[in-house]
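Overview (structure and organization)
If you want the building blocks of each chain, they are given just below.
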Amino acid sequence: MNNRYLLSLVISFISICTFAQDFKITGNLKDGEQKTPLEAATVVLETIKDSTVITYTISDRNGGFELKGRTQLEKANLFVTFVGYESYEREIDISKSSNLDLGTVFLDFQVESLGDVIVKSRTPPVIIKKDTLEFNAASFKTKPDATLEDLLKELPGAEVDESGQIRINGKPVNQILVNGKPFFGDDPTIATRNLTKEIINKIQVVDTKTESEEFAGEEGDADNKTINITIDEDKNKGIFGRVAAGAGTDDRFEYAGLVNYFDNDLRVSVLGGGNNINSPGFSFGEIEKMFGGANYIAFNDNGSFNINGRSFGGGQGVTNSRTAGANLANDFGEKIETSADYFYSAADSFEETNRSRENILPQNRFFSKSFSSSNTSTDNHSANMRFQAKIDSTLMIEILPKLRYVEGRNNNFGRSSTTNADGEQVNVSEYNNRGVRTNREFETRLTTTKKYGNGGGFIRANANVSSNDNERDDFLNSQTDVFGNDPQEIDRNQFTDGNDLVKKFNSSVSWRLPIIAKKLFVETKYEYNAERRTNTQLVYGFDATDQLYNEIILPQSTDFKSENTYQRPELGFNYNGEKLNAGLSAGYVMRKLTGEDRLTDENGDRVRDIDFENDFDAVEANANLRYRFNKKMSLWTSYRLNNDAPDVRQLSPYVDVSDPLNTVQGNPNLDPTNRHSFNLGLNNYDWASRTGYYSYFSVNVTNNQVVNQTQVDDNFVRNTTFTNVDGTYNAYASLSYNKDFKLDSLRTLKVELSTYGNLNRFVNFFNADQYASLTKSYTPALGLRFTWKDLFEIRPEYRVSFTETSFNRDFFEGRNFTQHNMRIRTTTYFPKWLTWENDIRYVYNPNVGADFQQDAIFWNTSLAYSFMKDKSLITFKVYDLLDQNTNSRRNATESYVEDVQSTVLQQYFMLSYSYKFNTLGKKGEVRENNWFD
C-alpha cells in the first residue's frame with residue numbers, strides 16, 4: 001500500500017468521524033384526496049450525486065415515518081413511493097437542522113398505475129404488497145463480484161447461515177425461482193452461489209405455493225418462503241457464467257464451471273465441478289465461498305461441517321467428489337411451460353477410525369476398543385421434468401416426473417475387543433466386508449385444477465405413482481470369538497442377495513366451495529393410498545468344495561411382503577381475510593396393514609408362519625391460524641394429528657447378522673404411530689428502526705413410537721428387535737432479536753441475540769428394563785457484524801451450550817455438559833482489488849477425558865486479487881493454518897461414553913483462479929462480447 005493511499009485513508013477516517021452529523025427527518029403520509037393514512041409507503045434518503053441509498057424506512061399504520069442516521073453530507077434527496085400513487089421528491093438541507101419535521105405529505109393517486117406496477121423511472125429499495133415483499137437489487141451495494149447470496153445478506157430481515165440456508169423475517173426459504181421457474185430442482189444454493197448480482201432486477205419474497213395453488217388463488221405455506229429472482233428484460237438474452245480451477249499442497253485440487261444461456265423465454269444452464277477438499281462442488285474460489293463454495297465452516301462438535309444435510313470433514317474422512325448438471329426451461333406461447341434438469345454427483349471417500357468406549361448397562365460395565373477402515377464410492381444420477389399447460393383461464397394441468405439412479409460400492413475392514421469391569425476379555429471380532437448397491441427410483445405426479453365461478457371455488461384431482469427398487473449384493477467375512485461360560489467361535493463367509501422394492505399409488509380429489517366469495521370456503525377431500533413393499537434377503541454360505549456361495553441359510557433369509565392401504569375422507573373450513581387466515585379440517589383414516597413371509601424350503605413348505613392382517617382406524621386433524629397485526633407483526637399457529645405405519649425393515653422378520661455381536665430382527669406385530677404436533681410463532685420486524693425479533697415454539701407428543709429393544713448377554717453380545725412405546729415427546733423453542741445501527745453513511749453495526757432450547761423425553765429398553773431419559777439443552781448466542789463500507793468487515797460471535805440428561809431409573813447416571821464456541825470472521829476490501837478474509841473458531845469443551853485436549857483453534861485464511869474489471873480472481877487460501885484439526889473428540893449418551901479419533905481433512909495451501917464472463921444484452925439482441933476488456 002503506497003503512502004498516498006494510506007494518507008487518503010487516514011484523512012477519510014478522520015473526516016467521517018469528525019464531520020459526520022446525526023439527523024432525524026419525520027413526517028406523515030396521507031392520501032391526497034381521501035386524507036387517509038398511507039401505511040407501508042417507502043421513504044428513501046439518497047445522495048444527490050448518484051442516488052446511493054443513505055437510509056430508508058417504511059411508514060407505519062398512521063402514515064408516520066422517521067428517518068434517522070449519520071452522514072457528512074450537507075444535502076440529500078428525499079424520495080417517497082407508494083403503490084398506485086405519484087412519487088414525491090424533495091431536496092433536504094441536512095446542514096441547517098439535524099431534526100427536520102416535514103409535516104403532512106400528500107400523495108396523489110396515479111392514473112397511469114396498473115395494479116402493482118409503479119410507473120416511475122426509479123424504483124424504491126423495498127415495496128410491500130399484500131402478499132409480496134419486493135427488493136430492488138440496485139439499491140443495495142455489494143462488492144463487484146457479488147453473487148445472489150452476497151446480495152441476500154444485505155437485505156433487511158434476511159439471514160444466510162454458513163451452509164447457505166436462508167431465512168426471511170425468521171421464515172426459512174425452501175425454494176428459489178428464476179423468472180418464476182425452477183432452477184436446478186430443490187437446491188436453493190445452486191442459484192444463490194452461482195447467479196451474479198449484475199443480472200438481477202428484483203428479489204420477490206412470497207409464501208411458498210405449488211403451481212396449482214398459485215393458479216387457484218390459494219394461500220401459500222406460511223411456514224416457508226419462496227424467493228423469485230426477476231431478470232431485467234434488458235439483460236434477458238446472452239451468455240454468462242464462470243469457470244475456476246485450483247491446485248494445492250498434499251495433492252489437493254478443485255475445478256468448476258457454470259454456463260448460462262438466456263434467450264427471452266428460453267433458459268439453458270450447464271454446470272460441472274470436482275474436488276478432493278470435502279466440498280459438494282461449485283468451488284469457484286471466491287472469498288465468501290472459499291473452501292468449496294460452501295462457507296465451509298458450519299461446524300459440528302466433532303469438527304465436521306454440514307452443507308444441505310450432507311456432512312463433510314470430521315468423521316467423514318476425505319472425499320473426492322465430482323458433479324455435473326444441466327437445466328432447461330422454455331415457454332411455448334402463453335399456455336405451455338416446460339422445464340427439465342439433470343444432475344450427476346459422485347464421491348469416493350476414505351476413513352479410518354479408532355474408538356475407545358465404556359458401555360454402561362444396568363448391572364455391568366463393558367470396555368471396548370475398535371479400529372475400522374472404509375472405502376466407499378457412489379454415483380448418483382437424477383432428472384426432474386415439469387410440464388404445465390393452461391388450457392384456458394380456468395383449467396390447468398401439471399405433470400412432474402422424477403428419475404433417480406444410484407450405484408454404490410463399499411469395502412469395510414474392522415476389528416474390536418471387549419473386556420468386562422474386571423479386565424477379563426469377553427469377545428474379539430474381525431471382519432472384512434464388501435458390497436454393491438443399486439437404487440432405481442421413479443415418480444410422477446399429475447395434477448389437474450379446474451376453477452369455477454368468481455368466488456375462488458375449484459375442483460382438483462391428484463395422482464402420484466412411484467417405484468423405489470433397491471438391490472444389494474453383500475459379501476460378509478467375519479471371525480468372532482466369544483469367551484466366558486459358553487465360549488463360541490463364529491466364522492461367517494456369506495453372500496446376501498437382497499432386494500427392497502416399494503411401489504406406491506396415491507390419489508386424491510378435493511373440492512373447494514365458496515360460502516363467502518374469496519374469503520370463506522368449505523373444503524372436502526378424499527384420498528386413497530396403496531403401498532406395497534417387498535423385502536427379499538437370500539443368504540448363502542460358502543461351499544469350500546465348490547468354491548461357490550450355494551448353500552442357502554434359511555434362518556437368516558426372508559421373502560417378506562407387506563401392504564399398507566388406506567382411505568381418508570376429510571372435511572374442512574378455510575377463511576382468508578385481509579389480516580386473518582384460518583383453517584380447520586378433520587379426516588378419518590381407515591388403514592389395513594398386511595404382511596407375510598413367503599420364503600419356502602426345498603420341499604415348498606413355508607419357513608415361517610407369518611401371515612397377518614390388521615385394521616387400524618384413526619382420526620387425523622389439522623388446524624392453522626395466521627394473523628397479521630400490521631405490516632410488521634404477525635402470529636401463526638398450527639396443530640396436526642397424524643398416523644404413520646412402521647417401516648418395512650422394522651416389520652420384516654429378516655435376521656441381519658452383518659455384525660455378529662449385534663443381530664437385528666424386525667417385528668411384524670408393530671402398531672402404527674400417532675403423533676400430535678403443535679407450533680406457534682410470533683415475528684415482528686420494524687422497518688423504521690431496522691429492529692426485529694422472531695420467536696418459535698413447537699411440541700410433538702408421540703404414542704406407539706417404534707424403538708429398539710436390545711437384549712445383552714454376559715459376553716456383550718446383543719440381539720435387537722423393535723417394539724412400540726408411549727410417553728415420548730420433544731419440545732423446541734427459539735427467540736432471536738436483530739438490530740441494525742447505521743452509524744453513518746459508511747459504517748453499520750448489526751447486533752444478533754438469540755437463544756434456543758430443547759426438551760426431549762425418549763423411552764427405550766435395556767434387556768427387559770424399560771427406562772425414560774429426559775434431556776434439556778439451552779444455547780444462548782451473541783453475534784456482532786461491524787461493516788465499514790468498501791474497507792472492512794468484522795463479525796465476532798459467541799455461544800455456549802448447556803445440556804443436562806436425567807433418567808427415571810437408578811441404573812443410569814445423569815450427565816451435564818457445557819461447551820463454549822467463539823468465532824471471529826474478518827474481511828478487508830482495500831485496496832478494492834485485494835480481499836483478505838480470516839475465519840477463526842475457538843472451541844472449549846471441559847467435559848472431555850483427561851487425555852484429550854479441552855480446547856482448539858481452527859483458523860482458515862485467504863487472499864484474493866481481482867483484475868480485468870473484476871472478471872478474474874486469483875485466490876490463495878490456507879486451510880487449518882495452525883494445523884490443529886486432529887478430529888479427536890468425546891461422545892456420550894445414556895448407554896456409553898467414548899473417545900474417538902478418525903481421518904480428517906488436514907492443513908493444505910491452495911492457489912485458485914476464477915474467470916467470470918457475461919454477454920447479456922437487451923431482450924431480442926446480444927451485446928458485443930467484451931470478455932477481455
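A brief report on the enclosed structure follows. The shown structure was predicted, so the numbers you read here are calculated from the model rather than taken from an experiment.

In this section: the overall build of the chain. Check the secondary structure of the chain and you find 6 helices and 50 strands. Evaluated residue by residue, the chain yields a buried proportion of 48% over its 933 residues. Considering only intrachain contacts with a sequence separation of at least 6, the fraction spanning at least 24 residues in the chain is 64%. Put simply, the chain shows about 43300 Å² of open surface, and 51% of that area lies on carbon and sulfur atoms.

Attention now goes to unusual backbone geometry. For the bond from Phe 830 to Pro 831, the omega torsion is -10°, close enough to zero to count as cis. Its place among the elements puts Pro 831 in the loop between β44 (815–828) and β45 (834–844). Not every positive phi belongs to a glycine, and Asp 251 is a case in point at roughly 60°. Its location among the elements puts Asp 251 in the loop between β16 (237–248) and β17 (253–263).

This paragraph deals with the pattern of salt bridges. All chains considered together, the criterion is met by 33 salt bridges. The partner of Lys 877 in a salt bridge is Glu 254, with the nearest N and O atoms 2.8 Å apart. With Lys 877 in strand β47 (residues 872–879) and Glu 254 in strand β17, this residue pair connects regions lying 623 residues apart in the sequence. Comparing Lys 877 with Glu 254 shows no difference in burial state: the two are buried. For Arg 440, the salt bridge identified is with Glu 471, shortest N-O distance 3.8 Å. Taken together, the positions of Arg 440 in strand β25 (residues 425–452) and Glu 471 in strand β26 (residues 457–482) put the pair 31 residues apart, joining distant regions of the chain. Among the residues examined, Arg 440 registers a relative accessible area of 36% and is labelled partly exposed. On the basis of relative accessible area, Glu 471 is assigned to the partly exposed category, the value being 36%. Taken together, the shared-partner salt bridges connect Glu 527, Arg 568, Glu 570 and Glu 620 into one network.

A few words on the side chain of Lys 750. The residue Lys 750 is located in strand β41 (residues 747–766) in this model. When its relative accessible area of 14% is taken as the criterion, Lys 750 is described as buried. Residues within four places of Lys 750 in sequence aside, it is in contact with Ala 158, Asn 738, Lys 739, Asp 740, Gly 783, Leu 784 and Arg 785.

This brings us to the environment of Ile 552. Inspection of the secondary structure assignment puts Ile 552 in strand β29 (residues 548–552). Not counting residues within four places of it along the chain, the set of residues in contact with Ile 552 comprises Leu 538, Val 539, Tyr 540 and Ser 557.

Read across the open sheet, the 4 strands follow the order β34-β35-β39-β38; overall the sheet is mixed. Two strands lie at the open edges of the sheet, namely β34 (655–656) and β38 (705–712), each paired on one side alone. Direction of pairing for β34 relative to strand β35 (residues 662–665): antiparallel, over a ladder of 2 bridges. Among the inter-strand pairings, Asp 656 is bridged to a residue of β35, identified as Val 664.

Bringing the sheet that holds strand β1 (residues 21–31) into the picture now. Pairing is mixed in the open sheet, where 3 strands are placed in the order β4-β1-β7. The sheet is open, and its two borders are formed by β4 (64–71) and β7 (99–107), each paired with just one other strand. When the angles between neighbouring strand axes are averaged without regard to direction, this sheet yields 20°. Here 8 bridges tie β1 to β4, and the two strands are oriented antiparallel to one another. Across the sheet, Phe 23 pairs through a bridge with Gly 69, a residue of β4.

Here we take up a nonpolar patch on the surface. A contiguous nonpolar patch, built from Trp 833, Trp 836, Leu 863, Tyr 865, Ile 874, Phe 876, Phe 909, Leu 911 and Tyr 913 and spanning about 830 Å² of accessible area, is present on the exposed surface. Among the elements of the structure, β46 (855–867), β47 and β50 (908–918) are those that each provide at least two residues to the nonpolar patch. If one sorts the elements of the nonpolar patch by residue count, β50 sits on top with 3 residues. With respect to the helices and strands, Leu 863 occurs in strand β46. What makes Leu 863 partly exposed here is its relative accessible area of 37%.

Moving on, we come to the nonpolar core. Judged by nonpolar contacts, the single largest core of 39 residues is most densely connected at Ile 203 and Ile 227. When sequence neighbours within four positions are dropped, the list of residues in contact with Ile 203 reads Leu 133, Glu 134, Phe 135, Leu 148, Leu 151, Leu 152, Leu 155, Ile 227, Asn 228 and Ile 229. Residues Ala 41, Val 80, Ile 94 and Val 105 belong to the second largest nonpolar core, which totals 20 residues.

For strand β18 (residues 266–275), the tally of buried residues reaches 7 of 10 residues, placing the bulk of the element in the interior. Where β17 and β18 come together, 10 bridges link them in antiparallel fashion. Among the inter-strand pairings, Val 259 is bridged to a residue of β18, identified as Val 270. Two elements, β18 and strand β21 (residues 318–332), share 9 bridges in a ladder whose sense is antiparallel. In the sheet register, Ser 269 faces β21, and the bridge partner there is Asn 327.

What counts and how
Residues numbered from 1 in each chain as written. Predicted model: local features only at pLDDT ≥ 70, side-chain atom pairs only at ≥ 80, totals over all residues. Heavy atoms only, no water. Helix = DSSP H or I, 4+ residues; strand = E, 2+ residues; numbered from the N terminus. Buried < 20%, exposed > 50% of the residue type's maximum accessible area, 1.4 Å probe, protein only. Contact = heavy atoms within 4.5 Å. Areas by Shrake-Rupley, 256 points an atom, 1.4 Å probe, with all protein chains shown as cover. Salt bridge = Lys/Arg side-chain N within 4 Å of Asp/Glu carboxyl O. Pairing = 2+ DSSP bridges. Axes fitted to C-alpha atoms, helices over the stretch in contact; angles between N-to-C directions. Patch = residues over 30% accessible without salt bridge, like charges linked within 9 Å, V, L, I, M, F, W, Y side chains within 5 Å. Core = buried A, V, L, I, M, F, W, Y, C linked by side-chain atoms within 4.5 Å.

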